Every structure is written in C-alpha cells, then in structure tokens.
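These are the residues of each chain, in order.
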Amino acid sequence: ESRAEAHHQYADIQIPFSTNERYGFALPQDLAPSDDQLKEKDLAFFPTPVGESFIDTTPGTYLVFMPKELHRPCLATKEKGKLRKVVVKVHQSLLGL
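These numbers were taken from a predicted model, which means no experiment stands behind them.

Conventions and cut-offs
- Residues numbered from 1 in each chain as written.
- Predicted model: local features only at pLDDT ≥ 70, side-chain atom pairs only at ≥ 80, totals over all residues.
- Heavy atoms only, no water.
- Helix = DSSP H or I, 4+ residues; strand = E, 2+ residues; numbered from the N terminus.
- Buried < 20%, exposed > 50% of the residue type's maximum accessible area, 1.4 Å probe, protein only.
- Core = buried A, V, L, I, M, F, W, Y, C linked by side-chain atoms within 4.5 Å.
- Contact = heavy atoms within 4.5 Å.
- Pairing = 2+ DSSP bridges.
- Axes fitted to C-alpha atoms, helices over the stretch in contact; angles between N-to-C directions.
- Patch = residues over 30% accessible without salt bridge, like charges linked within 9 Å, V, L, I, M, F, W, Y side chains within 5 Å.
- Areas by Shrake-Rupley, 256 points an atom, 1.4 Å probe, with all protein chains shown as cover.
- Salt bridge = Lys/Arg side-chain N within 4 Å of Asp/Glu carboxyl O.
- pLDDT = per-residue confidence, 0-100.

Our focus in this paragraph is unusual backbone geometry. The phi torsion at Lys68 lies on the positive side, around 75°, for a residue other than glycine. Position of Lys68 relative to the elements: it lies in the loop between strand E7 (63-65) and strand E8 (70-75). A relative accessible area of 47% means that Lys68 is categorised as partly exposed. Even without a glycine there, the phi angle at Cys74 is positive, about 70°. A relative accessible area of 47% means that Cys74 is categorised as partly exposed.

Counting residues in each nonpolar core, the largest one holds six residues, listed as Ala4, Ala6, Ala26, Ala44, Phe46 and Leu70. If we skip the residues at most four places from it in the chain, Ala26 touches Pro49, Val50, Glu52, Glu69 and Leu70.

The next point concerns the sheet that holds E7. Strand order in the open sheet made by the three strands is E7-E2-E9, with antiparallel pairing throughout. Where the open sheet ends on each side, the last strands, each with one partner, are E7 and strand E9 (85-91). Shown here is a sheet whose adjacent strand axes are inclined to one another by a mean of 20°, direction ignored. With seven bridges joining them, strand E2 (residues 10-16) and E9 adopt antiparallel strand pairing. Across the sheet, Pro16 pairs through a bridge with Lys85, a residue of E9.

To continue, consider a nonpolar patch on the surface. On the surface, a nonpolar cluster with roughly 330 Å² of combined accessible area is contributed by Leu94, Leu95 and Leu97. On the secondary structure map, Leu97 appears in the segment after E9.

This part is about the confidence of the model for the chain. The predicted coordinates of low-pLDDT regions are not to be read in fine detail. Averaged over every residue, the pLDDT of the chain is 90; residues scoring 70 or more account for 100%. For the chain, E8 is the element with the lowest average pLDDT, namely 89, and E7 is the one with the highest, namely 96.

Moving on, we come to the pairing of E8. With respect to burial, E8 is a largely interior element, five of its six residues being buried. Judged from the four bridges that link them, strand E3 (residues 21-26) and E8 form a sheet pairing that is antiparallel. Bridge pairing in E8 links Gly24 to Arg72.

Bringing the pattern of salt bridges into the picture now. Applying the stated criterion across every chain yields a total of five salt bridges. We note a salt bridge from Arg22 to Asp56, for which the minimum N-O separation is 2.6 Å. In this pair, Arg22 sits in strand E3 while Asp56 sits in strand E6 (residues 53-57), placing the two residues 34 residues apart along the sequence. As a salt-bridge pair, Glu52 and Arg72 come within 2.9 Å of each other at their nearest N and O atoms. Of this pair, Glu52 sits in the loop between strand E5 (43-46) and E6 while Arg72 sits in strand E8, and the two are 20 residues apart along the sequence.

Here it is in structure tokens:
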C-alpha cells in the first residue's frame, strides 16, 4: 500500500520508535512521478522502482535517505499495526550539497 517517494531539498532520517519497519529503497532512476508535490511539500511519489531492495529496522535504529534517493517507508515486517516513528528532515545546504 505504500508508494516510493523522494525529496529534492531535504534528506530524511527515519527512526522507528514503536515497532519494526521495512523500507524499500533504490538508486535514483529516470522515473516520472505519479504524484508530484515537490513545489508545495518537497515530496514526489513514484511507481515501484526497478531493482528495489529492502531493509528491516528495529526501534532505535535509523536510516538516512539523501535528497533524490527513492525510498518506500511504512512496510510491515509482520502483521499490520500502529507505527510510531521520528522523521528528521535535514536541508541539503546543511549537508554541503
């Protein structure tokens, strides 16, 4: 049910807090966004990318997605449940990009 997404101005630091979470990720690809909200929200959704890989996280671990990196959060590792997490946005200018 989740969609691949990317941001152009901000990196995402995703920290699961309540339960395990699976993420899909892929290198930037030449995909047209299926829902482009970059101007309003620095967010664009994309079709599922080719060559998508997955990583599972546990509470207290974190992942960093740099600007333009495709990622698909909120994938359940077991049964669906309430997911609580912290997402920190870091502007690209603070990363020297």
